[in-house]
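Coordinate inspection notes
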Amino acid sequence: MAHKYIIKIGEIALKGKNRRLFEKRLKANIRSELQGTGASVSGGFGRFYLSPGEAENARVEEVLSKTFGVVSFAQIHSAEKTVESITAHALDICNEMGDRITGTSFKIEARRSDKSFPLSSYEIACHLGDKLCQRFSHLSVDVHKPDWILSVEIRENAILYTSQKKGPGGLPVGIAGRGLLLLSGGIDSPVAGYMMAKRGLELDALYFHAYPYTSDEAKEKVIKLAKIISPYTGGLCLHVIPFTDVQLILKEKSREEELTLLMRACMVKIAEKLAVKKRADCLVTGEALSQVASQTLKSISFTGSMTHLPIFRPLIGMDKEEIIHLARKINTFETSILPFEDCCTIFSPKHPLVNPNLEMMTDSYESLHIDAELDKAVKNNEKIVL
Amino acid sequence: MNIVYLDWAASAIPDAEIIEAVAEITRLFFGNPSSRHYCGRQALDLAGQDRHTLAMLMGCSPGHLIFTSGGTESNNMVLRSFMMKKRKNGLVCSSIEHASLYETALYIKRQGIPVAFPVTGSDGFADPEKIYDAIDENTGAVAVMLVNNETGAIQPLEDIVKAVRTREAEFGSPIHVHTDAVQAFGRIPFDLNSLNVDSAAFSAHKLGGPKGIGALYSRKKLSPLITGGGQEEGLRAGTENTAGIHGFALAAGKRIENMDRELPAAAGLRNKLIGVITSLQGEVLNQGGKGFSPYITAAFFPPVPGEVLARTLNDRGYAVSTGSACSARNKKKTRVLENMGFSSRDAASALRISIGHSTTVQEINSFGEVLAEELEHLRKAAGVVSVGS
């Protein structure tokens, strides 16, 4: 029979009266990812228990390692609530670990919530430590820097586990509302999506496709990126916006140095229109202050002024190296650096404005009378469910 | 959709009769040439005959020819063989080489071995004097391709070999000269004997033969890249691709047999193509065509990116490429042209149009019409108001 898992939840256990709501959401998110396997999640108050059903361990662990709200998890051994049974399981665990033990020093961490159990937490630790050392002569106790830890918890049942694995932490996706991620093929925006999902935001994503000026490979790359972050966001719906006609109008009607900013303005406007349709209450971008011309303070002020929705920019104060570090961590980096550009050089001015005047830019935007074209782009979006 | 194929330098349209012959050989000569029984001997004999045929067509001894998987492997084998030498392992490599040589040279450089990349002129030709200057007492090998795969420029190999031999005499020790002949053999008159190079790389699928088969000529002993069963005199292990070898020999034979007819026909088509390009205010590298293979034409329509133009032409049924097909999936797409001194914008506007023995005048004419239409759209998008006025 497959072992159950204990799932430790961190921050969400501290959220006062909202705790139940958060826990419910986290359970639902885990269940949803393991849908069709018969897996079930129970428990509360900082600890969930997962019965895997038909799900394989590798799948369960992949899901738990990518579900926000999970701080750590481990496979558990359930024992009868007697000293003898707990001792027998502890010895079994050591036997099972066999060669997999990464060191010879260990520590027992015991927690006794059920005060009717005859031994105190300290006594449980001493007892098990003694028994393990007797059976396995090469083992020794080190309570300060152990090579591995055997945890024992006496609650409604007795459970034992070792090898805790880290979850991603954060808050359960969906608890903070719904947002729309502006996803390009670059390094930053997938990381931004990951970071906002970590704070509990449920996400849809949109990508601006300008064929033939950008290639279908660029679109495939964005779909691939969306797929990579989708386990973190609890699934993702990618909207591909046909952007060529908008770009051509901008190129024809706008001053060259304003082109990039007006393009960004149109993107924000389109994102806002789509957000309203999808009931998303915020936009998310991968902008980092001063990284490129369109991300200077004044540029961001202008593009931000194009929407009433809040724009979350979780990377705003980060260095590129820090962003790359995170991109590597979530496995988007190698895809992001594939050589399929998301903007053609034709639409990239040599000297884009870096210090735009908000009023002048607003006038420039309004003189385009481009709203109907933006509506058309939203209407013709291609929806890809990942 | 009917495709007009103008990307022969990436891979030629295979000759139907050659592919049929390859299938037939696969069926009949299935034995492993290393086996001692009749079936094995039969396969071995056939590969031996094909080796003789190819050696004769290339102008070398059959004993100096080993079969490989293609140009990339052959180029790698030469360079990596020199990398393993303890002394005199320095390398001089022209800056316009195919990625299989250039990237390997960069890899060798990263191992701490001296590698020089002499600058090439904006006309696309390596300069023998610059190569002479780049050679020093540690240089063990010089690599210069014969026909550039992006521009079609036929490199002045004879003068380069002379410059190397002069340096060789000055330093009193041999310098190996390698040439990547993938775009030359079977297309332009070619004779290893008169080229006086020490090694050369070949590929079958550029000639209308099958993919996955090529050859390395080397008159000097090299180290194997692949070890195993001792095939190819211990220089390239792995069961011989008997059918592929046969297809290679047939394709090379056919190209060379027909060269008197195919080469002037290609030159005619190339001239027509240049006429089309210049009438559309495009630029070509091989204006006049002297010193260039007629099979490859590099055209430029700045500021229209070649990648976008190739995409729209593809949508209309015309297969062309930007730069080398082998580099089209990485960021160094414009390396060769930028190393020739092109600005990144101009390099990015390059379109490689490569023709083959079955390309027709009608195809070039219709290509010209479609090119004109697509350029009109793209130039308008790029903000080019009135071209040429």
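All values derive from a computational prediction rather than experimental measurement. Per chain, the residues get numbers from 1 upward, laid out in the order the sequence is written. Whichever chain is written first is A, and whichever ligand is written first is 1; the rest continue in order. Per-residue local features of the predicted model are confined to residues with pLDDT of at least 70, and side-chain atom pairs are confined, for both listing and counting, to 80 or more; whole-chain, interface and lining totals are unaffected and use all residues.

**Some thoughts on the overall build of chain B**
Scanning chain B from terminus to terminus reveals 13 helices and 12 strands. Here the radius of gyration uses the C-alpha set of atoms, whereas the globule reference equals 2.2 Å times the residue count to the power 0.38. Relative to the 2.2 N^0.38 estimate, which gives 21 Å for 389 residues, the radius of gyration of chain B is 21 Å and therefore close to what a compact globule would have. C-alpha atoms of chain B, sized along the principal axes, occupy 70 × 50 × 35 Å. Three exposure classes are used, based on other C-beta atoms lying within 10 Å of a residue's own C-beta, which is placed from the backbone: buried for 20 or more, exposed for 12 or fewer, and partly exposed in between. Sorting the 389 residues of chain B into buried and exposed places 52% on the buried side. Within chain B, contacts between residues at least 6 apart in sequence are counted, and of these 72% link residues at least 24 apart. In this description a helix means any DSSP run of H or I spanning at least four residues, a strand means any run of E spanning at least two, and both kinds are numbered starting from the N terminus. Contact between two residues is assigned when their C-beta atoms, built from the backbone, lie within 7 Å.

**Quick word on the domain arrangement of chain A**
Residue and element names in this part refer to chain A. Where each domain starts and ends follows an automatic or database-derived domain assignment. Split by domain assignment, chain A resolves into domain 1 (5–78), domain 2 (82–156) and domain 3 (178–385). On a C-alpha basis, the centroid separation for the pair domain 1 and domain 3 is 33 Å. Listed as interface residues are four residues of domain 1 and, on the opposing side, six residues of domain 3. Gly is placed with the polar residues, together with every amino acid not listed as nonpolar (Ala, Val, Leu, Ile, Met, Phe, Trp, Tyr, Cys and Pro) or charged (Asp, Glu, Lys and Arg). In the side of domain 1 that touches domain 3, the residues fall into one nonpolar, two polar and one charged.

**A closer look at the sheet that holds strand β12 (residues 202–209) of chain A**
Pairing between the strands of a sheet comes from backbone hydrogen bonds, and it takes one of two forms, parallel or antiparallel. Residue and element names in this part refer to chain A. Within the open sheet, the six strands sit side by side as β15-β14-β11-β12-β13-β16. Their pairing is mixed. Lying at the two open borders of the sheet, with one neighbouring strand each, are β15 (311–312) and β16 (382–385). We treat two strands as partners when DSSP finds at least two bridges between them. Bridge count between β12 and strand β13 (residues 237–242): six bridges; the pairing is parallel. Bridge pairing in β13 links L206 to H239. Structural elements are reduced to axes, namely lines fitted to C-alpha atoms, with helices fitted over the stretch in contact, and the angle between N-to-C directions of any two is expressed from 0 to 180 degrees. Across the sheet, helix α6 (residues 216–229) is in contact with β12, β13 and β16; its angle to β12 comes to roughly 170°.

**Structural notes on the environment of S51 of chain A**
Residues and elements named next belong to chain A. Mapped onto the secondary structure, S51 falls in strand β3 (residues 47–51). Residues S51 and V41, 10 residues apart in the sequence, show an inter-C-alpha distance of 6.4 Å. Other than its neighbours up to four places away in sequence, S51 contacts K4, A39 and S40.

**Focus: the sheet that holds strand β9 (residues 158–161) of chain A**
Residue and element names in this part refer to chain A. Pairing is mixed across the open sheet formed by five strands, whose spatial order is β5-β9-β8-β6-β7. Each end of this open sheet is capped by a strand with a single partner; those strands are β5 (77–79) and β7 (140–141). Across seven bridges, the pairing between strand β6 (residues 105–112) and strand β8 (residues 148–154) is parallel. Its bridge partner being in β8, I108 is matched across the sheet by L150. Docked against the sheet, helix α3 (residues 83–97) engages β5, β8 and β9, running at close to 15° with respect to β9. Contacts between helix α4 (residues 121–135) and the sheet are confined to β6, β7 and β8, with β6 contributing the most and set at about 145° to the helix.

**Digging into unusual backbone geometry**
Excluding glycine, residues mostly have negative phi values, and the peptide bonds linking residues are mostly trans. That bond from Y211 of chain A to P212 of chain A is cis: its omega, 5°, falls within 30 degrees of zero. With respect to the element layout, P212 of chain A can be found in the loop between β12 and α6. For S163 of chain A, which is not glycine, the phi torsion reads 50° and is therefore positive. Considering the arrangement of structural elements, one finds S163 of chain A in the loop between β9 and β10 (165–166). Notably, Q281 of chain B is not glycine yet its phi reads approximately 60°, a positive angle. Positionally, Q281 of chain B belongs in the loop between α9 (259–279) and β9 (283–284). Judged by the 13 C-beta atoms lying within 10 Å of it, Q281 of chain B falls in the partly exposed class.

**Remarks on the environment of R270 of chain B**
Assignment of secondary structure puts R270 of chain B in helix α9. Taking C-alpha positions, R270 of chain B is 34 Å from A23 of chain B, a pair spaced 247 residues apart along the chain.

**Looking at the confidence of the model for chain B**
Segments scoring low in pLDDT should not have their predicted coordinates read at a detailed level. pLDDT: the predictor's confidence for each residue, scored from 0 to 100. Per-residue pLDDT for chain B averages 92, and the proportion of residues at 70 or more is 95%. The complex model carries a pTM of 0.83, and its ipTM stands at 0.76.

**Some words on the interface of chain A and chain B**
In this complex, chain A contributes nine residues to the contact, which on the side of chain B involves 13 residues. Partitioning the side of chain A that touches chain B into residue classes produces six nonpolar, two polar and one charged.

**Some details on the nonpolar core**
Definition of nonpolar core: a set of buried Ala, Val, Leu, Ile, Met, Phe, Trp, Tyr and Cys residues joined via C-beta atoms within 7 Å. Of all hydrophobic cores here, the largest spans 221 residues; its most connected members are C266 and A271 of chain A together with L91 of chain B. When residues of this core are assigned to their parent elements, the largest contribution, 12 residues, is made by helix α8 (residues 259–277) of chain A. Look past the residues within four positions of A271 of chain A in its chain and what remains in contact with it is L180, L182, L206 and L283 of chain A.

**Topic: the domain arrangement of chain B**
Residue and element names in this part refer to chain B. In terms of domains, chain B is made up of domain 1 (16–256) and domain 2 (259–380). Inter-centroid distance (C-alpha atoms) of domain 1 to domain 2 is 27 Å. Facing the 20 residues of domain 1 at the interface are 21 residues of domain 2.

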